[in-house]
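Now for the letters of each chain:
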Amino acid sequence: MEKWRISRHIVKRSSTSLFKSLLSTNFEKSINTSGSTYKSGRNCNPYVEHYFQCQKRHFQTCCHPLRDYTGNLHASKATNLEHICRIQYKSFGSVATQIQRNPSFSTLNSDDVDHFKKILGEKNVIQDEDRLLTANVDWMGKYKGSSKLLLQPRSTEEVSQILKYCNTRCLAVVPQGGNTGLVGGSVPVFDEVIINVGSMNHIISFDEVSGILVCEAGCILENLDSFLVNHGFMMPLDLGAKGSCQIGGNVSTNAGGLHFVRYGSLHGNVLGLEAVLANGTVLDMLGTLRKDNTGYDLKQLFIGSEGSLGIATKVSILTSPKPSSKNLAFLACKDYLSCQKLLQEAKRKLGEILSAFEFLDSQSMELVLTHLEGVRNPLPPSIYEFYVLIETRGTDESYDKEKLEAFLLRSMEGGLIADGVVAQDINQASSFWRIREGLSEALVKAGAVYKYDLSLPIEKMYSIVEEMRLRLGQSEKVLGYGHLGDGNLHLNISRPNYDDSVLAKIEPFVYEWTSKHRGSISAEHGLGLMKANEIHYSKSPQTVQVMASIKKLLDPNGILNPYKVLPHNILYPEA
Ligand SMILES: O=C(O)CC[C@@H](O)C(=O)O
Ligand SMILES: [Zn+2]
């Protein structure tokens, strides 16, 4: 076809370029038959298993409370080992301002354990060291608690009984789902009892007319998607960690993910919630209505509260019809301005079929190619500064193809796209997504990482990456990637080990810069432990005070996920 000359020209330039008979195959068909979508590290249990096996070996040799993974002892900090937060790595941001264990919390004893056994039965009260090790450490291996107990309730009633008891005894707890969080929110800081609702993994109902799914909080995101596919629907949320993350954790952290640009946030898609408060009260807010204006919408408080106000036990969620046509393009742009303009055009020209607009810079590409096996750049190596993934989802195959085809051609002619490939089948689509979704895993494999998750005005988004590079100098690897379509930048500084002098150049600069540009210091990962003390960069003092009052009202003893979300001195002023 005449109009494909441009892409053929690109093919000539690069033998690896696949930007040829554009969109001739629609990869959706293969997705439907395979029943599984893109895989990535956090979605791949063998990797997680292997990762923890390695960690375990490491802990066995160098698990001194104040020794980091590189084996360095931080003796100067070893003043009060029992009471100082054991952050495994050498000081990580302001978290390292040694949080004190709240002295009003009790310490677990054998009567407590016996009591839990009566509620849950022996096998759901876990004291096994290996299992505790994986539950005490976050996915990145950055935060490590020292919990001695993991509880696995099977019903809301059991969660209620556990919390009622813990509240009376003043035993702190940490709710944990798939433990895929990136801000230290899902692991204990000290000896908090871990409550994992993973056994509460039943689908309660699905209404094919409204598309509303009601399920328990421990359902794994990918399993929900697989269930829905048989009914012609899909989850509105898609993350690299979908093979291990649980819907309760997704809701508690208000997870964003890859398709936010199309399907919006969980604040919009979660229609109802059942949550258990610290004192064991079960709040039934499990409505399935699209419209309900009867006073305060209390469930919204729990969405994104990171388990600090209650434990989510059931959710009702508005799912979306499964698109019958999907296309994915992997494109190269010469500069950030082109990426930005491309987004603007994509929104205008692709309209309702645009379902993802992701970007990564060349440094991110290099990292993923270096650290992940089997990943390759489908475009000529080391030429382009930026890469963009554009996905469309729709119901009319030929219409979608034509629309994307016309858009890509016009963008190439206009110089916004320098080169590109379009997935011809599920395998190519998976391999393109693997580049983007594999970044977090590649960063963990590369060593230490300082990780920031910023919401910023799109035109300013990449300036912080460039400024950070200037600040840190050429010896440091500064990576920028993320959800360009939503104005969400993942800024990561990757280095072989943690170093306080480097950190001092990054923080508080990164927070101040974000605040100055009226951005948010957490777009989608939450505050967790990492940023609890930084909340003021994104929230006014008055707002933080109201948040603290709500916390006090719902959890007066502060037992739910302590030390997270709100600043320590506000949560425990007497500590
Ligand atoms: O690793 C990160 O910084 C981002 C993780 C996740 O939110 C993603 O978009 O891939
Ligand atoms: Zn993200």
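Residues numbered from 1 in each chain as written. Chains lettered and ligands numbered in written order. Predicted model: local features only at pLDDT ≥ 70, side-chain atom pairs only at ≥ 80, totals over all residues. Heavy atoms only, no water.

By the naming in an unreviewed UniProt entry, the protein is D-2-hydroxyglutarate dehydrogenase, mitochondrial, taken from Nelumbo nucifera. A UniProt comment under Subcellular location (unreviewed entry) is attached to the protein, and it reads "Mitochondrion". One UniProt comment on the protein, placed under Sequence similarities (unreviewed entry), says "Belongs to the FAD-binding oxidoreductase/transferase type 4 family." (UniProt positions renumbered as here; feature names shortened; annotations may be inferred.)

A. Structural view of the overall build of the protein. In terms of regular secondary structure, the protein is built from 21 helices and 18 strands. For the protein, with 575 residues in total, the buried portion stands at 59%. Long-range pairs, those at least 24 residues apart, make up 75% of the contacts in the protein with a sequence separation of at least 6. On the protein, roughly 22,600 Å² of surface is accessible, and the fraction owed to carbon and sulfur atoms is 52%. (Helix = DSSP H or I, 4+ residues; strand = E, 2+ residues; numbered from the N terminus. Buried < 20%, exposed > 50% of the residue type's maximum accessible area, 1.4 Å probe, protein only. Contact = heavy atoms within 4.5 Å. Areas by Shrake-Rupley, 256 points an atom, 1.4 Å probe, with all protein chains shown as cover.)

B. Up close: the state of the cysteines. One pass over the full model with this rule turns up zero disulfides. Looking at the unpaired Cys-215, the closest cysteine sulfur is the one in Cys-219, lying at 4.2 Å. When its relative accessible area of 0% is taken as the criterion, Cys-215 is described as buried. (Disulfide = S-S within 2.5 Å.)

C. View of the site of ligand 1. Residues in contact with ligand 1 amount to 11 residues; listed here are only the nearest, Arg-436, Ser-440, Lys-451, Tyr-481 and His-525. Between ligand 1 and His-490 there is a distance of 3.0 Å, counted from an oxygen atom to a side-chain nitrogen or oxygen. Measuring from an oxygen atom of ligand 1, one finds a side-chain N or O atom of Asn-492 at 3.3 Å. Judged by the proximity of its atoms to the pocket grid, ligand 1 belongs to the largest cavity. Mapped by element, the contributors of at least two residues to the shell around ligand 1 are strand 17 (477-483) and strand 18 (488-495). Of the residues belonging to the shell around ligand 1, the class tally is two nonpolar, five polar and four charged. (Near = heavy atom within 4 Å. Polar contact = N/O pair within 3.5 Å; in protein donor to acceptor, adjacent residues only side chain to side chain. 1 Å grid on protein atoms, 1.4 Å probe; cavity = no way out; pocket = protein on both sides within 12 Å on 5 of 7 lines; lining within 4 Å. Sits in = over half its atoms within 2 Å of the grid points. Nonpolar A, V, L, I, M, F, W, Y, C, P; charged D, E, K, R; others polar.)

D. Spatial organisation of the side chain of Thr-156. With respect to the helices and strands, the residue Thr-156 is situated in helix 6 (residues 156-169). Overall, the relative accessible area of 10% leaves Thr-156 in the buried class. A distance of 3.4 Å separates a polar atom in the side chain of Thr-156 from a polar atom in the side chain of Lys-314. Contact partners of Thr-156, with chain neighbours within four places excluded, come to Met-200, Glu-274, Val-276, Val-282, Thr-313 and Lys-314.

E. How the structure looks around the sheet that holds strand 16 (residues 448-455). Strand order in this open sheet of seven strands is 15-12-14-13-17-18-16, and the pairing throughout is antiparallel. Of all the strands in the sheet, the pair left with one neighbour each is strand 15 (419-422) and strand 16. On average, each strand axis in the sheet is tilted by 15 degrees relative to the strand beside it, whichever way the strands run. Judged from the seven bridges that link them, strand 13 (residues 354-361) and strand 14 (residues 386-394) form a sheet pairing that is antiparallel. From the neighbouring strand, Glu-358 faces strand 14, where its bridge partner is Leu-389. (Pairing = 2+ DSSP bridges. Axes fitted to C-alpha atoms, helices over the stretch in contact; angles between N-to-C directions.)

F. Structural detail: empty space enclosed by the protein. A full pass over the atoms with the stated rule returns six cavities of 30 Å³ or more. By volume, the largest cavity amounts to about 750 Å³. Lining the largest cavity we find 44 residues, and of these Thr-180, Gly-181, Asn-250, Thr-253 and Ala-255 sit closest to its centre. Mapped onto the lining of the largest cavity, the elements with two or more residues apiece are strand 3 (173-176), helix 8 (247-253), strand 10 (311-318), helix 15 (426-437), strand 17 and strand 18. Among the elements that take part in the lining of the largest cavity, helix 8 stands out by supplying five residues, more than any other. Looking at side-chain class alone, the lining of the largest cavity contains 14 nonpolar, 24 polar and six charged residues. Counting the residues that make up the lining of the largest cavity, at least three belong to each of domain 2 (46-196) and domain 3 (200-321). (Points joined across faces, edges and corners; volume = space filled by probe spheres on them. Domains from an automatic or database assignment.)

G. Inspection of the packing of helix 17 (residues 463-472) against helix 19 (residues 509-516) at higher detail. Orientation of helix 17 relative to helix 19, taken along the N-to-C sense of each, is 150 degrees, at an axis distance of 11 Å. Taken together, the axes of helix 17 and helix 19 lie roughly antiparallel to each other. As helix 17 runs across helix 19, the sense of the crossing is right-handed. Here Ser-463, Ile-464, Glu-467, Met-468 and Arg-471 of helix 17 lie close against helix 19, whose contacting residues are Phe-509, Val-510 and Trp-513. (Parallel < 35°, antiparallel > 145°, perpendicular 65-115°, else oblique. Left-handed = near helix turned anticlockwise from the far one by under 90°.)

H. Looking closely at a nonpolar patch on the surface. Among the surface-exposed residues, Tyr-296, Leu-298 and Leu-301 lie close enough to one another that they form a single nonpolar patch of about 350 Å² accessible area. By the secondary structure assignment, Leu-301 is in helix 11 (residues 299-302). A relative accessible area of 32% means that Leu-301 is categorised as partly exposed. (Patch = residues over 30% accessible without salt bridge, like charges linked within 9 Å, V, L, I, M, F, W, Y side chains within 5 Å. Salt bridge = Lys/Arg side-chain N within 4 Å of Asp/Glu carboxyl O.)

I. Inspection of the coordination of the zinc ion (ligand 2) at higher detail. Taken together, His-483 (NE2), His-490 (NE2) and Glu-524 (OE) make up the full set of protein donors to the zinc ion (ligand 2), lying 1.8 to 2.1 Å away. Look at where the donors of the zinc ion (ligand 2) fall in the sequence and you get H-x6-H-x33-E. Considered together, His-483 and His-490 belong to a single accessibility category, that of buried residues. (Donors = N, O, S within 2.8 Å, 3.2 Å for Na, K, Ca; no water.)

J. How the structure looks around helix 6. In this model helix 6 runs 20 Å from its N-terminal to its C-terminal C-alpha over 14 residues, within 8% of the 20 Å that 1.5 Å per residue would give. Taken together, the buried positions of helix 6 are Thr-156, Glu-158, Val-159, Ser-160, Ile-162, Leu-163, Tyr-165, Cys-166 and Asn-167. After helix 6 finishes, the residue Cys-170 shows a positive phi value of roughly 60 degrees. (Expected span 1.5 Å × (residues − 1).)

K. Structural view of helix 15. The end-to-end C-alpha distance of helix 15, which contains 12 residues, comes to 15 Å, matching closely the 16 Å that a straight helix rising 1.5 Å per residue would cover. Of all 12 residues in helix 15, nine are buried, a share of seventy percent or more. Taken together, the buried positions of helix 15 are occupied by Ile-426, Gln-428, Ala-429, Phe-432, Trp-433, Arg-434, Ile-435, Arg-436 and Glu-437. Among the residues of helix 15, the N-terminal cap falls to Asp-425, whose side-chain oxygen and the backbone nitrogen of Asn-427 are separated by 3.0 Å.

L. Highlighting the environment of Trp-433. As for its position among the elements, Trp-433 is in helix 15. You can call Trp-433 buried: its relative accessible area is 0%. In this structure, the C-alpha to C-alpha distance between Trp-433 and Leu-328, residues 105 residues apart in sequence, is 8.9 Å.

M. Structural detail: the pairing of strand 9 (residues 282-285). Alignment of strand 8 (residues 270-276) against strand 9, held across four bridges, turns out to be antiparallel. Opposite Leu-273, over in strand 9, you have Met-285 as the bridge partner. Hairpin connection, strand 8 to strand 9: the antiparallel pair is bridged by five residues, and Gly-280 has positive phi, about 95 degrees.

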